[in-house]
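Inside the fold
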Amino acid sequence: DNDEDEDPFVTSEFVAETNLPTDLGLFRMRAYRHSKQSLFSGNEPCVIYSPHHPIMGVLAEKNNVNIRVHDQCVTSEVFGSQRCDCRDQLRMAMKFIQKNGGAIIYLQQ
């Protein structure tokens, strides 16, 4: 059993929430911070969802929430590299949650 390959128990706390206007429409973004550095998911994950389909609170659609876990890809998402389709996958997920509800858990790398 190799403990170096295991991520220790990490808690996350809510930091902030804001509007995220994009070319695909308005989204909400919730930022979190891990209690300690995670080996596998970066230090500050965020959640993106459509305000038209809340995922928490009184108006939330709480059953069967669609979730996409997306790993950050700077080369594709920021610089437009065509070596992978990460940007396309992220945009497809954003279009889906804008129409159907759900959330994207966006992990730093």
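Everything numeric here is computed off the predicted structure, so don't read it as measured data.

Looking only at helices and strands, the protein chain features two helices and five strands. Within the span of the protein chain, comprising 109 residues, buried residues form 30% of the whole. Of the contacts formed within the protein chain by residues at least 6 apart in sequence, a portion of 51% connects residues at least 24 apart. For the protein chain, the exposed surface amounts to about 7500 Å²; the carbon and sulfur share of it is 51%.

Per the counting criterion, the structure on display carries four salt bridges. The structure contains a network of salt bridges with shared partners spanning Glu 17, Arg 28 and Arg 30.

Below, the discussion takes up the nonpolar core. Counting nine residues, the largest nonpolar core consists of Phe 27, Cys 46, Ile 48, Leu 90, Ala 93, Met 94, Ile 97, Ile 104 and Tyr 106. Elements supplying a minimum of two residues to this core: strand E3 (46–49), helix H2 (86–100) and strand E5 (103–107). For this core, the leading source of residues is H2, giving four residues. In contact with Ile 104, other than residues within four places in its own chain, are Cys 46, Val 47, Ile 48, Arg 68, His 70, Leu 90, Ala 93, Met 94 and Ile 97. Residues Val 47, Tyr 49, Ile 55 and Ala 103 belong to the second largest nonpolar core, which totals five residues.

Scoring rules and cut-offs
- Sequence order as written defines residue numbering, which begins from 1 separately in each chain.
- Whole-chain, interface and lining totals are the exception, using all residues; otherwise, since this is a predicted model, local features are given only for residues with pLDDT of at least 70 and side-chain atom pairs are given and counted only at 80 or more.
- Only hydrogens and water are set aside; all other atoms, that is, all heavy atoms of the structure, feed into the side-chain values.
- A run of H or I in DSSP becomes a helix once it reaches four residues, and a run of E becomes a strand once it reaches two; helices and strands are each numbered from the N terminus.
- Relative accessibility under 20% of the residue-type maximum defines a buried residue, over 50% an exposed one, and the middle range a partly exposed one, all with a 1.4 Å probe and only protein chains included.
- In this analysis, two residues are considered to be in contact whenever any of their non-hydrogen atoms come within 4.5 Å of each other.
- The Shrake-Rupley method, run with a 1.4 Å probe, gives the accessible areas here. Residue values count only the displayed protein chains as cover.
- The rule for a salt bridge is simple: a side-chain nitrogen of Lys or Arg has to be within 4 Å of a carboxyl oxygen of Asp or Glu.
- In this description, a nonpolar core means a group of buried Ala, Val, Leu, Ile, Met, Phe, Trp, Tyr and Cys residues linked to one another through side-chain atoms lying within 4.5 Å.

Scope: geometric values only; no functional claims are made or implied.
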